[in-house]
Amino acid sequence: NRIVILIIGANGFFGNQLQKFFLKKKIIFFPTDISLNGESYLDIRNLDSVKEIIKKNDIKIVINCSCEPATSKSKKKLWNTNVNGNQNLIKACLEFNIKKYIYISTSAIWVKNYKTPVEENEKYHPIENYGKSKVQAEIDIKNSKLKNWTIFRVPMIVSRERLGILSLLFDLIHSNKKIPLLGTGENILQFIHAEDLSYYIYLSLNKDEKSIYNVGSEEKISLKALIEKLIILSSSKSKVILIKDIGITMILNILNKLNLSPLNIYHLNMLKYSLTMNSSKIHKNYRFKPIFKTSDMILEAFFNYKKNLGKNNINTEITNPVKPGILKLIKLIF
């Protein structure tokens, strides 16, 4: 019996990576996105359109990679896509007796300084609308009558094409400039490679469960150590300089609201706070550990940036360099 998988958000950064992975594995899928044309166009905010696509293509598994991103300043847009869109998908999955619903969540549901890796049952602590919308989406899935669902909570997803906010750092290293860090730079980070996450989703297709998993690289590294490793391995003359955060976060957040800086409160706290996730639950249940180290995936993205001067053949918000805005001054000051 032919199983057709619906990928929602297929034209976004991760949806693109997942398609490549499924093609390699010869998995049958139907890609949809609000930015695609013809039969692949889908706006999940429209329940009738969702139902029509599921029925017409005989969909059996739904993977929701779509979201209004963390950089969005519109609470309404975030809620309409990340919450209402998700609710529409749940309704359609129930109506058509979908075999499985897979949802990509985020570590932005926890934004504060965590001394130890967070477990799946850690209390939610979002601080901005993106994180809050993802929390609501998770709650709606958990409270639904869906018989088989998996939620993957992920930190920043990285592949060679990843740029976005990283382009600011890559540009400074490539230009041999000093790199200012707020605080001590000792906050611990962890990312996940698109390939590892795709493999987890692939393994999940045949799992019958109602489960939430934290998914992150095995390597947990401080921001300072990560940047210094990048500087050494790229033979850059850059140096890290530490700056006391005397109201700088607050000022940058105001500048972000005025569209003068690309860094919002979530990014700024990620640059100061430790957040890593304990992934032992998925290691045990899926018998697989991520292959890529946090530092190696950032290095891969940096060398791709250097080789292509910040241009990618995938055109998404995350694969394009961000506009530095007022942060251009960093290159002049430092």
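That block above? That's the structure.
Only a predicted model underlies this, so the values are computations on that prediction, with no experimental measurement involved.

Draft legend 1. Main features of the sheet that holds strand β5 (residues 149–154). In spatial order, the strands read β2-β1-β3-β4-β5-β10; together these 6 strands make up an open sheet with parallel pairing. Only two strands of the sheet have a single partner each, and these edge strands are β2 (29–32) and β10 (210–214). Within the sheet, the average angular offset between the axes of one strand and its neighbour, ignoring direction, is 15°. Relative to strand β3 (residues 59–64), strand β1 (residues 4–8) runs parallel, the two sharing 5 bridges.

Draft legend 2. Just helix α2 (residues 47–56), in detail. The set of residues buried in α2 consists of Val50, Ile53 and Ile54. The buried side chains of α2 occupy one side of the element, clustering within an arc of 95° when seen end-on. Seen from the buried face of α2, the exposed residues on the opposite side, beyond 90 degrees, are Asp48, Glu52, Lys55 and Lys56. Packed against the buried residues of α2 are β1, β2, β3 and α3 (75–95). For α2, the N-terminal capping position is held by Asn46, with its side-chain oxygen 3.1 Å away from the main-chain nitrogen of Asp48.

Draft legend 3. Main features of the pattern of salt bridges. According to the stated counting rule, one finds 12 salt bridges in the structure shown. The closest approach of N and O atoms between Lys100 and Glu209, which form a salt bridge, is 3.6 Å. A residue pair is termed long-range when its members are at least 10 positions apart, and Lys100 in strand β4 (residues 100–106) and Glu209 in the loop between α6 (194–204) and β10 qualify at 109 residues. Of the two residues, Lys100 and Glu209, both sit in the buried class.

Draft legend 4. Seen up close, the packing of helix α7 (residues 223–233) against helix α11 (residues 294–308). In the contact formed by α7 and α11, the axes pass within 10 Å of each other and the chain directions differ by 50°. If you check the angle between α7 and α11, you find them oblique. Classified by chirality, the crossing of α11 by α7 is right-handed. In contact with Leu226, Lys229, Leu230 and Leu233 of α7, α11 contributes Thr294, Ser295, Ile298, Leu299, Phe302 and Phe303. Along the lines of polarity and charge, the residues of the contact of α7 with α11 split into 7 nonpolar, 2 polar and 1 charged.

Parameters at a glance
Residues numbered from 1 in each chain as written. Predicted model: local features only at pLDDT ≥ 70, side-chain atom pairs only at ≥ 80, totals over all residues. Heavy atoms only, no water. Pairing = 2+ DSSP bridges. Helix = DSSP H or I, 4+ residues; strand = E, 2+ residues; numbered from the N terminus. Axes fitted to C-alpha atoms, helices over the stretch in contact; angles between N-to-C directions. Buried < 20%, exposed > 50% of the residue type's maximum accessible area, 1.4 Å probe, protein only. Arc of directions from axis to C-beta. Contact = heavy atoms within 4.5 Å. Polar contact = N/O pair within 3.5 Å; in protein donor to acceptor, adjacent residues only side chain to side chain. Salt bridge = Lys/Arg side-chain N within 4 Å of Asp/Glu carboxyl O. Parallel < 35°, antiparallel > 145°, perpendicular 65-115°, else oblique. Left-handed = near helix turned anticlockwise from the far one by under 90°. Nonpolar A, V, L, I, M, F, W, Y, C, P; charged D, E, K, R; others polar.

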